[in-house]
Amino acid sequence: MTSAHAHGRRGGAKRGGRRSAQRSAPRETFTAAGRAGFMARGVVYVLIGVLAARIGLGDRGEQADRQGALGQVAAQPFGNVMLWTLVVGFVGMALWRGSRAVRGKGGGAKQAGSRLLDAGRAVFYVSVGWGTAVYAAGQGQGADGDAQSRDWTAKALELPYGQVIVGAAGCVLIGVGVVLAGRAGLRRFLRRLDTGAMSRRTKRAVTVLGVGGGVARGAVFAAAGLFVVVAAVRFQPDEAKGVDETLRSFATTPAGPWLLIAVAFGLVLFGVFSFASARWRRL
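So, here's what we can say about the structure. Every chain is numbered on its own, with residues counted from 1 as its sequence reads. For a predicted model such as this one, the threshold for reporting local features is a pLDDT of at least 70, and the threshold for listing and counting side-chain atom pairs is 80 or more; totals across whole chains, interfaces and linings nevertheless cover every residue. As a rule here, side-chain values cover all heavy atoms of the structure and leave hydrogens and water aside.

Thoughts on the overall build of the chain
Think of it this way: any DSSP run of H or I at least four residues long counts as a helix, any run of E at least two long counts as a strand, and we number them from the N terminus. A count of helical and extended segments in the chain gives nine helices and zero strands. Put simply, the chain runs from its N terminus to its C terminus through helices and strands in the order α-α-α-α-α-α-α-α-α. Three labels apply to residues, based on accessible area from a 1.4 Å probe with only protein chains included: buried if under 20% of the type maximum, exposed if over 50%, partly exposed otherwise in between. Evaluated residue by residue, the chain yields a buried proportion of 39% over its 283 residues. By the convention used here, residues are in contact when the closest approach between their heavy atoms is within 4.5 Å. Contacts spanning at least 24 positions in sequence make up 75% of the contacts within the chain whose residues lie at least 6 apart.

Quick word on the layout of surface pockets
Cavities and pockets were defined on a 1 Å grid built over protein atoms only: a cavity is a set of grid points that admits a 1.4 Å probe from which the probe cannot escape, a pocket is an open set flanked by protein on both sides within 12 Å along at least five of seven lines, and lining residues are those with an atom within 4 Å of any such point. Grid points are joined across faces, edges and corners, and a volume is the space filled by probe spheres set on the points. Of the voids in this model, the second largest pocket is the one considered here, and its volume is about 150 Å³. Taken together, Ala36, Met39, Ala40, Val43, Val73, Met82, Thr85, Leu86, Val88 and Gly89 make up the full set of residues lining the second largest pocket. Broken down by element, the lining of the second largest pocket gets its largest block of residues, five residues, from helix H3 (residues 79-103). When residues are sorted by character, Ala, Val, Leu, Ile, Met, Phe, Trp, Tyr, Cys and Pro go into the nonpolar class, Asp, Glu, Lys and Arg into the charged class, and all the rest, Gly among them, into the polar class. For the lining of the second largest pocket, the residue count by class is eight nonpolar, two polar and no charged.

Structural notes on unusual backbone geometry
Look at tyrosine 161: it is not a glycine, yet its phi comes out positive at around 60°. Position of tyrosine 161 among the secondary structure elements: in the loop between helix H5 (145-157) and helix H6 (162-185). Since its relative accessible area comes to 70%, tyrosine 161 is described here as exposed. With phi around 55°, phenylalanine 235 is a residue other than glycine that occupies positive phi space.

Points about the packing of aromatic side chains
Only the six-membered ring of Trp is used, alongside the rings of Phe and Tyr, when aromatic pairs are assigned; centres must lie within 6.5 Å, and planes under 30 degrees apart are stacked while those over 60 apart are edge-to-face, with the rest tilted. If you walk through the whole model with that rule in mind, you get six aromatic pairs. Aromatic side chains phenylalanine 90 and tyrosine 125 sit 6.3 Å apart centroid to centroid with 25° between the ring planes, which places their arrangement in the stacked category. Here the residue phenylalanine 90 occupies a position in helix H3, and tyrosine 125 occupies one in helix H4 (residues 108-136), the gap between them amounting to 35 residues. Assessed through its relative accessible area of 3%, phenylalanine 90 is described here as buried.

Right, here's the structure in full:
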């Protein structure tokens, strides 16, 4: 009896272990996908920041946006391999965000809003991954980000209540920028990181990266939203700007190119913070 009972317990433990392994396998897959996504995001932000800094220092040639970043990657040795690696990363981020949207637990308006936000981010990264794949396949970049912003704004303004729609979209962008900068300033990002696994010096460095990078990123979103609002008020789609022209606009402020260089440095910080997120983010 004792032997049979012990054997039964061992058998149950084995079955429980197999079930646990089966449950953890998808979780580990999505976790790895998310970390790959943060790495890809980091590469793009670092390159955009470097390109923007060059513009601030007088080099007006390259576009300081995602397409310009892809061009920089493609120009490197094994550039096409690196581009496809970015595609994998962006698709991984889309899968991770999508899994959070589908598998989110709990109820309430806050949880529903979080899942909806993750779903939107998943769609965004699918789009980014597709665009990167098209470029890597040698089919060109298509229209640049600034031209796309003007085209989308023009089409939206032609709709009934187009000015209201475009103005609302601009206000949303401004709000997103303010929220991103505010959360960065309040260090909210630390709640999502495994700070217990960091040394004191590492935590301090990651905090600087998150605050500086998040504020710069929020400033770009808010500035882009402001231009969209201006386009709506003036009924002029040419007033809308993509990332490249938005960044260039910082150089036309009273602070001159130094503000653009500061924002560019912040975007580089955010890129490096993305690398840190790939390592320490709780996924």
